[in-house]
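Chain by chain, the residues run as shown.
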Amino acid sequence: MLQFPLPEPTDRIEPFCPYFGVCGGCTLQHYGPPDYLALKTELVASALRSAHIEASLSPLLEAHGDGRRRATLHARGKAVGYMQARSHELLDITACPILVPSLAARKPAMARPIAATIGDCDVAFTATDTGLDVAIASDRKLKPEKLTLLAQRLQLARMSVNGEIVLQARAPAVRMGKAVVELPISSFLQATTMAEQTLAKLVTEGVGPAKSVADLFCGLGPFTLRLAETARIFAADADKSAIVALQNAVKHTQGLKPVNAMMRDLFREPLVASELKGYDAVVFDPPRAGAEAQARELAKSTVKTVVAVSCEPRTFARDAAILIAGGYRLESVTPVDQFAWSMHVEVVGVFRR
């Protein structure tokens, strides 16, 4: 079991970021490769042990890629940055080295004129294939004219404030498999492109030759759109805007099998065992709270293959224990390191009846 605070690494290295130790993020920069690998793996292993699950872990897959493609900066007064470690104080920064190149140095510089124009706010940046998407959250009533000129000067794909578009020069979009998906405002997107591709590859391999698949908590469809190249898909998520974006992407993509995407709150209304009949495989990728209600229904079902994706090892282990008690065998567990130098790790588990 991991102990907190964490012990000093045995192979300590020099942190690469000048804000290390003050900034609340990237707390593992001083861990050398062996200790870092062991710690990330132990995050998953300890969660499984706590749930009394015996499983061999596959090697940790590194999925940092070019860096994170989304992040949120806070602007308070003249300071723009992240929160300090163990504090509610803001750390003013000039650059963030863990981001993709289009954001690393530009993001703080771009947030400053936004903050100067509208005052205290939170600014969420997403690097997309068609340009930068900026979503601002502010308590103030704002005049869109000033922000429109600013968005044009910053050459943004889109700027929005409190969910309302100020300017859209072009729709922010990303490629998922064969499809191009236009992003709704403040939509969920995996932090790195490489992590999305890595998780999708593990899901596709886990599903195997299944011809009818349910993709639950599907979001924008990073798994749906790839699985639909060979299988009929039922996709569900509570996020209406994500479902609409997925439906539009399916409509404009050739060569896909039929996809039925619908809005459904799977926490309150999971697919019950009778609805799961006819599916060769089920994929679920819930938020950090996990998919306990859905796992209980799957445990009653006859679905042959379940692939579970999680950003929280403890709720993954809880849901895995439910599936195992219902007659599934945990065939593989793969940790995926998307959030570099943090205490977060993704998990993909493949279950077979």
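Presented here is an overview of the structure given in this document.

Parameters at a glance
- Counting of residues starts from 1 at the beginning of each chain's written sequence and follows it residue by residue.
- Since the coordinates come from a predicted model, pLDDT governs what is reported: local features require at least 70, and pairs of side-chain atoms require 80 or more to be given and counted, while whole-chain, interface and lining totals use all residues.
- Note that the side-chain values use all heavy atoms of the structure and ignore hydrogens as well as water.
- Numbering goes from the N terminus for both helices and strands, where a helix is a DSSP run of H or I of at least four residues and a strand is a run of E of at least two.
- The globule rule used for comparison is 2.2 Å times the number of residues to the exponent 0.38, while the radius of gyration itself is calculated over C-alpha atoms.
- Working definition: with a 1.4 Å probe on protein chains only, accessible area under 20% of the residue-type maximum means buried, over 50% means exposed, and in between means partly exposed.
- Every accessible area reported is derived by Shrake-Rupley at a probe size of 1.4 Å, with residue values counting cover from the shown protein chains alone.
- For helices, the fitted line uses only the C-alpha atoms of the stretch in contact; every axis is such a line through C-alpha atoms, and the angle between N-to-C directions lies from 0 to 180 degrees.
- Any angle from 65 to 115 degrees is called roughly perpendicular, while one under 35 is roughly parallel, one over 145 is roughly antiparallel, and all others are oblique.
- A clockwise turn of the near helix away from the far one marks a right-handed crossing, whereas an anticlockwise turn of less than a right angle marks a left-handed crossing.
- Here, residues are in contact when the closest pair of their heavy atoms is within 4.5 Å.
- Under this grouping Gly is polar, as are all residues other than the nonpolar Ala, Val, Leu, Ile, Met, Phe, Trp, Tyr, Cys and Pro and the charged Asp, Glu, Lys and Arg.

## Quick word on the overall build of the protein
- If you tally the helices and strands in the protein, you get ten helices and 17 strands.
- Over its C-alpha trace the protein gives a radius of gyration of 21 Å, about what one expects of a compact globule, namely 20 Å for 353 residues.
- If you line up the protein on its principal axes, its C-alpha atoms span 60 × 55 × 30 Å.
- With 353 residues in all, the protein has 54% of them scored as buried.
- Accessible surface, the protein: about 16,600 Å² in total, of which carbon and sulfur atoms supply 54%.

## Considerations on the packing of helix α9 (residues 292-300) against helix α10 (residues 313-325)
- Two elements in contact, α9 and α10, have axes whose closest approach is 8 Å; the angle formed by their N-to-C orientations is 15 degrees. For the element pair α9 / α10, the angle class is roughly parallel. The handedness of the crossing between α9 and α10 is right-handed. On α10, the residues that touch Glu292, Ala295, Arg296, Leu298 and Ala299 of α9 are Arg318, Asp319, Ile322 and Leu323.
- The residue inventory of the contact of α9 with α10, partitioned by class, reads five nonpolar, no polar and four charged.

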